[in-house]
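Okay, here's what each chain looks like letter by letter:
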Amino acid sequence: MIDTIEKEDNIISEEEAAQYDRQIRLWGLDAQKRLRGSRVLLVGLRGLGAEVAKNLILAGVKGLTLLDHEQVTEESRRAQFLNPVDADGQNQAQASLERAQFLNPMVEVKADTDPVESKPDDFFFQFDAICLTRCSKDLMVRVDQLCASRNIKVFCGDVFGYHGYMFSDLGQEHHYVEEKPKVVKGSNEANDGPEAKKPKVDPNETTMVKKTASFCSLKAALEVDWTNEKAKSNIKRIPADYFLLQVLLKFRTDKGRDPQPDSFAEDSHLLLQIRDDVLETMGLSSELLPNTFVSYCFSEMAPVCAVVGGVLGQEIVKALSQRDAPHRNFFFFDGLKGSGVVDYFGSK
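Quick notes on the rules
Residues numbered from 1 in each chain as written. Predicted model: local features only at pLDDT ≥ 70, side-chain atom pairs only at ≥ 80, totals over all residues. Heavy atoms only, no water. UniProt positions renumbered as here; feature names shortened; annotations may be inferred. Helix = DSSP H or I, 4+ residues; strand = E, 2+ residues; numbered from the N terminus. Buried < 20%, exposed > 50% of the residue type's maximum accessible area, 1.4 Å probe, protein only. Contact = heavy atoms within 4.5 Å. Pairing = 2+ DSSP bridges. Right-handed = clockwise from strand over helix to strand, strands pointing away. 1 Å grid on protein atoms, 1.4 Å probe; cavity = no way out; pocket = protein on both sides within 12 Å on 5 of 7 lines; lining within 4 Å. Points joined across faces, edges and corners; volume = space filled by probe spheres on them. Nonpolar A, V, L, I, M, F, W, Y, C, P; charged D, E, K, R; others polar. Domains from an automatic or database assignment.

Under an unreviewed UniProt entry, the protein has the name SUMO-activating enzyme subunit 1 and belongs to Anabarilius grahami. The record held by UniProt for the protein lists under Subunit (unreviewed entry) the comment "Heterodimer of SAE1 and UBA2/SAE2. The heterodimer corresponds to the two domains that are encoded on a single polypeptide chain in ubiquitin-activating enzyme E1. Interacts with UBE2I." A UniProt comment under Pathway (unreviewed entry) is attached to the protein, and it reads "Protein modification; protein sumoylation."

Given below as structure tokens:
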């Protein structure tokens, strides 16, 4: 779908050129045209969803649909800046709509209050990219599989306390361009020495290089056979947050919610049980996730939402604009270490 976007309307208005002047200078007019022709579905309007929405709206996508069936609560507002302080009891997407639209009137922002689980398959086919937050593993896998044959980019992300992650599936062939320093051929003159004949990099000139990246599915990335010798040999480079994600997704499936601060003792005990069960099923030791992890994975923290939302929003922009190399496939953030880890994990 992305490759045909720029055919719809190749003209950028003066108002748009002024609005997106910095971005056009940064990644070029063609990339901005692709962005302005893209429609994105964002599921989940808690703290992380608000950060992603802000970044996409300011970047200048054509349309953004905010989908969330849940209501605003005092707890949900702590990391969500698009909800007014008096919005408790209102629908998350509807309550976020006014402030989201105010960020950029040129973007068509809509609210959808239906549960994402109730949407038929063809609902997802109207979008160029889909970003899923606060969704179950089964739903994320379903949407990822549906979109695979339609060249629809799929992103998933969540924030759990001090931890956050992002996953992207851009398909088996994602085409993009990268700006590289121009290589100047060496001189062939007889009087020149050997060094003069070597290719040289001209820092003052650049050239655009076309590249292709291949991505694996979310199902393949989450269902690795850790008894396989090749997988075992790579386990040391897999961050602990990958296994933490597996535990938290299982908790979400079993309980229909995320761990909550007001039930800390009960949820902590259940998380440890799930940790043991999940890692045992994988054939791995529970030592991969020390017991202390339960103290740092409750609720959303605004600073973590800002970091993960920044990365997630930027990856969506890069995918839609087809500019610059994407991350493959996971990005994990550990707020206790204060650094993000990019893992080229599970890619084909």
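Back to the text.
Caption draft 1: Region of interest: the overall build of the protein. Looking only at helices and strands, the protein features 13 helices and 10 strands. Considering the protein as a whole, with its 348 residues, one finds that 49% of them fall into the buried category. A separation of at least 24 residues holds for 67% of the contacts in the protein among residues at least 6 apart in sequence.

Caption draft 2: How the structure looks around the pairing of strand S5 (residues 153–160). Counted residue by residue, S5 has 8 buried out of 8 residues, so it is predominantly covered. Where strand S4 (residues 129–133) and S5 come together, 5 bridges link them in parallel fashion. Among the inter-strand pairings, Cys131 is bridged to a residue of S5, identified as Phe155. Tracing the backbone out of S4, into helix H7 (residues 137–148) and back to the parallel element S5 gives a crossover that is right-handed. Where S5 folds back onto strand S6 (residues 163–169) in an antiparallel hairpin, the turn is made up of 2 residues, including Gly161, whose phi is positive at roughly 60°.

Caption draft 3: Here's a closer look at the layout of surface pockets. When its volume is computed, the largest pocket comes out at roughly 640 Å³. Taken together, 31 residues form the lining of the largest pocket, with Arg46, Glu70, Arg134, Arg257 and Asp258 sitting closest to its centre. Looking at side-chain class alone, the lining of the largest pocket contains 9 nonpolar, 11 polar and 11 charged residues. A domain-level breakdown of the lining of the largest pocket finds at least three residues from each of domain 1 (15–172 + 301–342) and domain 3 (218–295). What lines the second largest pocket is a set of 14 residues, and nearest its centre among them are Lys137, Gln246, Lys250, Val278 and Met282.

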